[in-house]
Amino acid sequence: DDDLRTNKDGLLINNTISTLPLGGGAVLQPSTVAGGRRMPAKIELLSFGKLGKGMKVLGVIREVKEEYAVVSLPTMLTGFVRRTSNGPPLTQVLPPVNTIMAFSILQTTTEEVTTKSSPSSKAATPVKKRRIELSPLPNHVNSGIRLDEFLSS
């Protein structure tokens, strides 16, 4: 089989790269680059810089309060869900902690926050804080998905 080979230590290696969206990144399909060299399918690592409004991500709910929820995202990123101004408490909307569910990214922000390292220190140190705001609402998570994509064989 062409997908199996042995490495220098004599261990059997599978050359097939999964196209499953593991690791939270995008699945890049096989392609041909200049010179006719074929590039295999691969999973692109998810990072803060690659996130954008409307992107769908899977996350694990880590904490739920009435006003906010904390969601663990792939590659050690953390997202937050805020209660809407006139919406019900998130404790009534979201499933229990440790539930995996889909979210849509509402926005990503990077802010510079000034902090003091100690109370006696006079110099303030700027620190960049990143924030990922998520929505669990079906109208956000399901936007862009067409029913005929699921019905076609």
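For the structure itself, consult the block above.
Below, the structure is looked at part by part. Along every chain, residues carry numbers that run from 1 in the direction the sequence is written. Under the rules for a predicted model, residues below a pLDDT of 70 receive no local features and side-chain atom pairs below 80 are neither given nor counted, while totals for whole chains, interfaces and linings still include all residues. For the side-chain quantities, the full set of heavy atoms in the structure was used; hydrogens and water were omitted.

### Some points on the pairing of strand β8 (residues 68–73)
Where we set the bar: Pairing between strands requires that DSSP locate at least two bridges from one strand to the other. Numbering goes from the N terminus for both helices and strands, where a helix is a DSSP run of H or I of at least four residues and a strand is a run of E of at least two.
As judged from the four bridges shared by strand β7 (residues 56–64) and β8, these two strands associate in the antiparallel manner. Of the residues in β8, the one forming a bridge with Ile61 is Val71. Where β7 hands over to β8, the hairpin turn is made up of three residues, counted between the paired strands. Direction of pairing for β8 relative to strand β9 (residues 77–82): antiparallel, over a ladder of six bridges. Paired with Val71 across the bridge in β9 is Gly79. The turn joining β8 and β9, which pair antiparallel and follow one another in sequence, is formed by three residues; a positive phi near 55° is taken by Thr75.

### Considerations on the environment of Thr99
What counts is decided by this rule: Working definition: with a 1.4 Å probe on protein chains only, accessible area under 20% of the residue-type maximum means buried, over 50% means exposed, and in between means partly exposed. In this description, contact between two residues means that some pair of their heavy atoms is separated by no more than 4.5 Å. Throughout this description, a polar contact denotes any pair of N or O atoms lying within 3.5 Å of each other; where both atoms belong to protein, one of them has to be capable of donating a hydrogen while the other can accept it, and for residues adjacent in sequence the pair is counted only when both atoms sit in side chains.
Residue position: Thr99 is located in the loop between α1 (90–93) and β10 (100–116). Thr99 gets classed as partly exposed once you look at its relative accessible area, which sits at 22%. Sequence separation of Thr99 and Ile61 is 38 residues, and the distance between their C-alpha atoms is 5.6 Å. Once residues lying within four places of it in the same chain are set aside, the contact partners of Thr99 are Gly59, Val60 and Ile61. A distance of 2.6 Å separates a polar side-chain atom of Thr99 from the backbone oxygen of Pro96.

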